Amino acid sequence: MQDVTDGAFWKLMHRYGGADIYWTEYFRVHASSRLEKWIVASIEQNATGRPVVAQMIGNDIPSLVRTAKELQHLPVAAVDLNLGCPAPIVYQKCAGGGLLREPQRIDAILGALRDAVSIKFTVKTRVGFASPDEFDSLLPIFAKHSLDLLTVHARTVAQMYRLPVHYDLIRHAAEAMKCPICANGHVYSADQALEVVTQTKAQGLMIGRGVIRSPWLFDQIRQRLRGNPVTYPSGRDVIEYITALWESQASFAAPEKIQVERMKKFMNYLGEGVGVEGQFLHQIRRAATRTDFFRICSEYLDHDQVMRLEPPVGA
Ligand SMILES: Cc1cc2nc3c(=O)[nH]c(=O)nc-3n(C[C@H](O)[C@H](O)[C@H](O)COP(=O)(O)O)c2cc1C
């Protein structure tokens, strides 16, 4: 995830059990692009011992091929192409999710990349640009290029992050495609994870915002899959996580105010799990100093009660 999943974030997730595989934020690829140094540093300094997939976004074939070749010199398990980013600045340039409007162009890009990538080559897609009905005509294009994995974020680009997630289409992909399918979209609890895996028949699960909110989620899912009781953090455990997140992100060069603002980005996800009324998040968004920030955290979280950090049932 852009601005989130750097090496420091992976390392922090790993302290809580972590993912089996990590994806980089995307490398922006165009005629004059160079590999972003901070993403390369995350890959080279990956301290988790788990594989990393390098993701690219772009539409210019020679530049994508050049970048894919460069990425294969790094310790990455796969090269991935983003066909899902819904940011207008990206899709209006016909990159990310914008490419889903031009299936013939996807066909040409995947053909060139499949030839250029000798390690695993994977794609992350949404189910269409404007309508989930488009997915049926995208699947044969993905099938044609011997992908090693297809991750399906089962929303359209137009949907952005709104519900519903079209899990039935992930199942359709799992049944129609030869390659493994990774299901993605709106998983916030171990129960939901199990439900999505069962319903979609996907071989893997990609989780984004749910683990910013709760790094415990990875291990909770493992507990649930093994049939063990699921354990939850206490309020104080959550403060400890927030403190570790602050430390993982703290740059000594950045003024305190900037650090508080950076933490608010993460808190937008975490805060939704703290108190349904939204008062915690409301106050955190107004914090101006580190002292303010942690005073508010203590006010809501300095306790031993269990924090499920899950959305209400049905949400
Ligand atoms: C802040 C943020 C940044 C993201 N950046 C990327 C990205 O760089 N590449 C990508 O494939 N998806 C990106 N996504 C999308 C997520 O990977 C994921 O597909 C989406 O959030 C749905 O999954 P979730 O409900 O588990 O979060 C981003 C999402 C968010 C919220």
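Figured I'd write up the structure that's included with this text.

What counts, and at which threshold
Residues numbered from 1 in each chain as written. Predicted model: local features only at pLDDT ≥ 70, side-chain atom pairs only at ≥ 80, totals over all residues. Helix = DSSP H or I, 4+ residues; strand = E, 2+ residues; numbered from the N terminus. Rg over C-alpha atoms; globule rule 2.2 N^0.38 Å. Buried ≥ 20, exposed ≤ 12 C-beta atoms within 10 Å, placed from the backbone. Contact = placed C-beta atoms within 7 Å. Near = placed C-beta within 6 Å. Nonpolar A, V, L, I, M, F, W, Y, C, P; charged D, E, K, R; others polar. Axes fitted to C-alpha atoms, helices over the stretch in contact; angles between N-to-C directions. Parallel < 35°, antiparallel > 145°, perpendicular 65-115°, else oblique. Left-handed = near helix turned anticlockwise from the far one by under 90°. Expected span 1.5 Å × (residues − 1). Core = buried A, V, L, I, M, F, W, Y, C linked by C-beta atoms within 7 Å. Domains from an automatic or database assignment.

1. So, the overall build of the protein chain
Working step 1: In terms of helices and strands, the protein chain carries 14 helices and eight strands.
Working step 2: Taken over the C-alpha trace, the protein chain has a radius of gyration of 20 Å; the compact-globule value for 315 residues is 20 Å, and the two agree within 12%.
Working step 3: Dimensions along the principal axes, computed over C-alpha positions, put the protein chain at roughly 55 × 45 × 35 Å.
Working step 4: Among the 315 residues that make up the protein chain, the fraction classed as buried is 41%.
Working step 5: When contacts within the protein chain are restricted to residue pairs at least 6 apart in sequence, those whose partners lie at least 24 apart make up 71%.

2. Details of the site of the ligand
Working step 1: If you check the shell around the ligand, you find 18 residues, and the closest are Met1, Gln2, His153, Gly208 and Arg209.
Working step 2: For the shell around the ligand, the per-class residue count stands at five nonpolar, 10 polar and three charged.

3. Some details on the packing of helix α11 (residues 235–249) against helix α14 (residues 290–301)
Working step 1: Two elements in contact, α11 and α14, have axes whose closest approach is 9 Å; the angle formed by their N-to-C orientations is 160°. If you check the angle between α11 and α14, you find them roughly antiparallel. Of the two elements, α11 crosses α14, and the hand of that crossing is right-handed. Contact residues: α11 offers Gly235, Arg236, Val238, Ile239 and Ile242, while α14 offers Cys297, Ser298 and Leu301.
Working step 2: Each residue belonging to the contact of α11 with α14 can be placed in one class, and the counts come to five nonpolar, two polar and one charged.

4. Details of the environment of Asp133
Working step 1: You can see Asp133 is positioned in the loop between β5 (120–126) and α6 (135–144).
Working step 2: Separated by 23 residues in the primary sequence, Asp133 and Thr156 have C-alpha atoms spaced 9.6 Å apart.

5. Re the packing of helix α1 (residues 7–15) against α11
Working step 1: Packing of α1 against α11 leaves a shortest axis separation of 9 Å and a crossing angle of 150°. The angle between α1 and α11 falls in the class roughly antiparallel. In this structure, α1 crosses over α11, and the sense of that crossing is right-handed. Of the residues in α11, those touching α1 at Ala8, Phe9, Lys11 and Leu12 are Ala244, Leu245, Ser248 and Gln249.

6. Focus: helix α12 (residues 256–270)
Working step 1: Compared with an ideal rise of 1.5 Å per residue, which puts 15 residues at 21 Å, α12 spans 20 Å between its outermost C-alpha atoms and is within 8% of the ideal.
Working step 2: Taken residue by residue, α12 has Val260, Met263, Phe266, Met267, Tyr269 and Leu270 as its buried positions.
Working step 3: Where α12 is buried, its residues contact α9 (209–213), α11, α13 (279–284) and α14.

7. A closer look at unusual backbone geometry
Working step 1: The linkage connecting Leu163 with the following residue, Pro164, adopts the cis geometry, with an omega of 5°.
Working step 2: Considering the arrangement of structural elements, one finds Pro164 in the loop between β6 (149–153) and α7 (167–176).
Working step 3: In this structure, Asp3 is a non-glycine residue whose phi angle is positive, near 70°.
Working step 4: When you line up the elements, Asp3 lands in the segment before α1.
Working step 5: Its 10 C-beta neighbours within 10 Å are what place Asp3 among the exposed residues.
Working step 6: Of note, Ser146 is a non-glycine position whose phi angle comes to about 45°, a positive value.
Working step 7: The exposed category is assigned to Ser146, around which 11 C-beta atoms lie within 10 Å.

8. Considerations on the environment of His145
Working step 1: Take His145: it is sitting in the loop between α6 and β6.
Working step 2: His145 sits in the partly exposed class, given 18 other C-beta atoms within 10 Å.
Working step 3: Considered as a pair, His145 and Arg105 are 40 residues apart in the sequence and their alpha carbons are 13 Å apart.

9. A word on the nonpolar core
The tendency in soluble globular proteins is for nonpolar side chains to be buried side by side.
Working step 1: Counting 88 residues, the largest nonpolar core has Met56, Leu150 and Val152 as its most contacted members.
Working step 2: Domain assignment of the residues forming this core places at least three in each of domain 1 (7–225) and domain 2 (235–301).
Working step 3: With residues near it in sequence (within four places) discarded, Leu150 still touches Val123, Thr125, Phe142, Ala173, Met177, Cys179 and Ile181.

Any link to function would need more than the numbers given here.
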